[in-house]
Amino acid sequence: MDDLREACGVFGCISTDKWPTQLDIANIICLGLVALQHRGQESAGIVTSSGLDAYKFQTHRGMGLVSQVFDEDTVTKLKGNLGIGHTRYSTAGFSEIVNCQPFVVETLHGLIAVAHNGELVNANSLRQKVLKRGVGLSSGSDSELITQLLTISPPENEDDGPNWPARIKQLMLETSTSYSLAIMHKDKIYAVRDPYGNRPLCIGKLIKTSGDKECEACDGKDVEGWVVSSESCSFQSIGATYYREVLPGEIVELSKDGAHSVCIVSRPKEIRPAFCIFEYVYFARPDSLLEGQMVYTVRQRCGEQLARESPVEADIVSTVPESATPAALGFSKQSGIPYVEVLIKNRYVGRTFIQPNVKLRQIGVAKKFGALTENFKGKRIVIVDDSIVRGNTMGPIVRLLKNAGAKEVHIRIASPPIKHPCHMGINIPTKEELIANKLTVEKLCSHLGADSVVYLSVNGLVTAVQEGITTKDKEGTKVGHCTACLTGQYPVPLDW
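Sequence order sets the numbering: in each chain, residues are counted from 1 along the sequence as written. Per-residue local features of the predicted model are confined to residues with pLDDT of at least 70, and side-chain atom pairs are confined, for both listing and counting, to 80 or more; whole-chain, interface and lining totals are unaffected and use all residues. For side-chain calculations, the full set of non-hydrogen atoms in the structure is used, while hydrogens and water are omitted.

Undergrad: Looking at this model, I keep getting lost on a nonpolar patch on the surface. Mind explaining?
TA: A surface patch of nonpolar side chains, amounting to about 230 Å² of accessible area, comprises Met63, Ile97 and Val98. We count a stretch as a helix when DSSP gives it H or I for four or more residues in a row; a strand needs E for two or more, and each element gets its number in order from the N terminus. Relative to the helices and strands, Met63 is located in strand 4 (residues 58-63). Relative accessible area decides the class of each residue, using a 1.4 Å probe on protein chains only: under 20% of the type maximum gives buried, over 50% gives exposed, and in between gives partly exposed. On the basis of relative accessibility, which here comes to 35%, the residue Met63 falls in the partly exposed class. Like-charged residues within 9 Å of one another, or nonpolar side chains (Val, Leu, Ile, Met, Phe, Trp, Tyr) within 5 Å, are grouped into patches, provided each residue has over 30% relative accessible area and no salt bridge. Working definition of accessibility: Shrake-Rupley area with a 1.4 Å probe, residue cover restricted to the visible protein chains. Put simply, a salt bridge is a Lys or Arg side-chain nitrogen that is within 4 Å of an Asp or Glu carboxyl oxygen.

Set out below in structure tokens:
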């Protein structure tokens, strides 16, 4: 995989114990964000609230990794009984401090904080709407648009105070996708997923422990807090247990009294959900649960399907460490060809080492990977990868293996060719930059120096993903995935 990046990760936590809580809310959020670091590495932020004063939040945001933005001193200062956090990779808006989230704005009813994963498909028209109201925008991020739109009073009466669910619902009717949100006001957090369910979002429970042992019963009395996260992989690191996904179009309120579903905003009739299929292929961490199934298992099934679709005579199956390893193991299992490691990754060479010119880029691949020559010399290798975007990495790897003694190198890609930009929260290069639009498979094979190249089919990917789904849409039957980057068929019209 080269040059595909997820947009963001969101996380929130609220204590259900007596306030002020004994839970270290800021530290829990910080650990949650570390577990979501793969979703964004440019900036991070945390906002906390005591839950007692609607006009006072504690905020810290900065550029860099979570571990660079937060130290013990900054985390200690973020006192509160609830809070939300965010880790970002930019898709809309430049990589600079003004675009760091969560965004905080003051409303007639106090402060609100918003953390957003996704990208609005109608950002331009929404931006014009906000500007025509005389509201200035301080960033290029469409996440700020969401924050400003939430300040607009809903059609419903607000004589008794702010009706945040009504405001959120109004926002959802204004823009159908793509967003998963954590919204905080005073003493509540709202977990929100767009009607198409394009980005993941799930809820977990912090369970009281007795010594080193969790309480056996898991009723409301044993819950000391609730968490919301882009992925369930963050729950293990904070001692939380998985509760459920936020459904497409659902607003879930997290408060001191617990978690309850407020409402579900429907899609147009007969329209299926459009959960991003590339969460399974690459973006989500392998130990996360999506739609009731573990990502690792889905990637294995993709490898098995790939072996059925593109058999090859070879001696060993391997992969480019590490994201495609489950797919390679699946390919090995289905084909009966043994899995053997052929490359070892140098974990201490960062992305910054790779330089713009071709020669240094090729040297970079050699320094990022070492060849385990004795494992493959004189043998025919199947290299399984999760995708090819620009094609900058695979060519040097093929040359590295052949120069080290591989007899043949066959490339198998556990996803279809990427031919279209995303527009819904994934940083995919322009159509002109995507190698699948530049070269036929035959020419790509020659370009990479491989003996053969075969991609998984779109139908094969969808079959592998949907085979193990156990959770259902609100109507109980509909399951659907966005394959726009593969097919060019977007779930909604784009306003760009």
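Undergrad: Would you take a moment to explain the sheet that holds strand 20 (residues 316-319) for this structure?
TA: Strand pairing within a sheet occurs via backbone hydrogen bonds; the two strands may be parallel or antiparallel. Pairing in this open sheet of four strands is parallel, and the strands run 20-23-24-26 from one edge to the other. Looking at the sheet topology across the chains shown, the edges are occupied by strand 20 and strand 26 (452-455). In this sheet, adjacent strand axes meet at a mean angle of 25° when their direction is disregarded. The contact definition used throughout considers only heavy atoms, calling two residues in contact when any of these lie within 4.5 Å. The axes are straight lines fitted to the C-alpha atoms, using for helices just the contacting stretch, and the angles between their N-to-C directions are given from 0 to 180°. In this fold helix 9 (residues 295-309) packs onto strand 23 (380-385), strand 24 (408-413) and strand 26, with an angle of close to 125° to the strand it touches most, strand 26. One bridge is not enough; two strands pair if DSSP finds at least two bridges between them.

Undergrad: What exactly am I supposed to notice about the sheet that holds strand 3 (residues 43-49) here?
TA: The strand order across the open sheet built from seven strands is 4-3-5-2-13-10-14, with neighbouring strands paired in antiparallel fashion. One side of each edge strand has no neighbouring strand; the edge strands of this open sheet are strand 4 and strand 14 (240-245). The sheet shows a mean angle of 15° between the axes of neighbouring strands, taken without regard to direction. Sheet strands in contact with helix 1 (residues 25-35) are strand 2 (8-15), strand 3, strand 5 (82-88), strand 10 (202-207) and strand 13 (223-229), and its direction is about 155° off that of strand 2.

Undergrad: Could you clarify how one ought to interpret the nonpolar core in this entry?
TA: Side chains of nonpolar character tend, in soluble globular proteins, to be buried together. Residues Phe278, Phe331, Val384, Ile418 and Leu461 are the most contacted members of the largest nonpolar core, which totals 43 residues. Elements with a contribution of two residues or more to this core: strand 17 (275-276), helix 8 (278-283), helix 9, helix 10 (325-335), strand 23, helix 15 (458-466) and helix 16 (484-487). The leading source of residues in this core is helix 9, at five residues. With near-sequence residues (within four places) excluded, Phe331 lies in contact with Gly303, Glu304, Leu306, Ala307, Ser310, Val312, Val317, Val382, Val384 and Arg412. Definition used in this section: a nonpolar core is a set of buried Ala, Val, Leu, Ile, Met, Phe, Trp, Tyr and Cys residues joined via side-chain atoms within 4.5 Å.

Undergrad: How do you make sense of unusual backbone geometry when you look at a structure like this?
TA: For residues other than glycine, phi is negative in most cases, and the peptide bonds are mostly trans. Here the residue pair Trp19 and Pro20 is connected by a cis peptide bond, since its omega of 0° sits within 30 degrees of zero. In this fold, Pro20 is placed in the loop between strand 2 and helix 1. Residues Thr177 and Ser178 are joined by a peptide bond in cis, for which omega reads 10°. As for its position among the elements, Ser178 is in the loop between helix 6 (164-174) and strand 8 (180-185).

Undergrad: Explain empty space enclosed by the protein here, please?
TA: Gaps between atoms show up when a probe of the same size as a water molecule is rolled over them. Grid spacing is 1 Å over the protein atoms alone, the probe is 1.4 Å, and a cavity is where that probe fits but cannot get out, while a pocket is an open set with protein on both sides within 12 Å along at least five of seven lines and lining residues have an atom within 4 Å of a point. Grid points are joined across faces, edges and corners, and a volume is the space filled by probe spheres set on the points. Per the stated rule, a full pass over the model turns up four cavities of 30 Å³ or more. In this structure, the second largest cavity is lined by 13 residues; those nearest its centre are Arg199, Cys276, Cys422, Cys482 and Cys485. Elements with a contribution of two residues or more to the lining of the second largest cavity: helix 8 and helix 16. By residue class, the composition of the lining of the second largest cavity is 10 nonpolar, two polar and one charged. Polar here means any residue other than Ala, Val, Leu, Ile, Met, Phe, Trp, Tyr, Cys and Pro, which are nonpolar, and Asp, Glu, Lys and Arg, which are charged; Gly is therefore polar.

Just distances and angles here, no functional claims.
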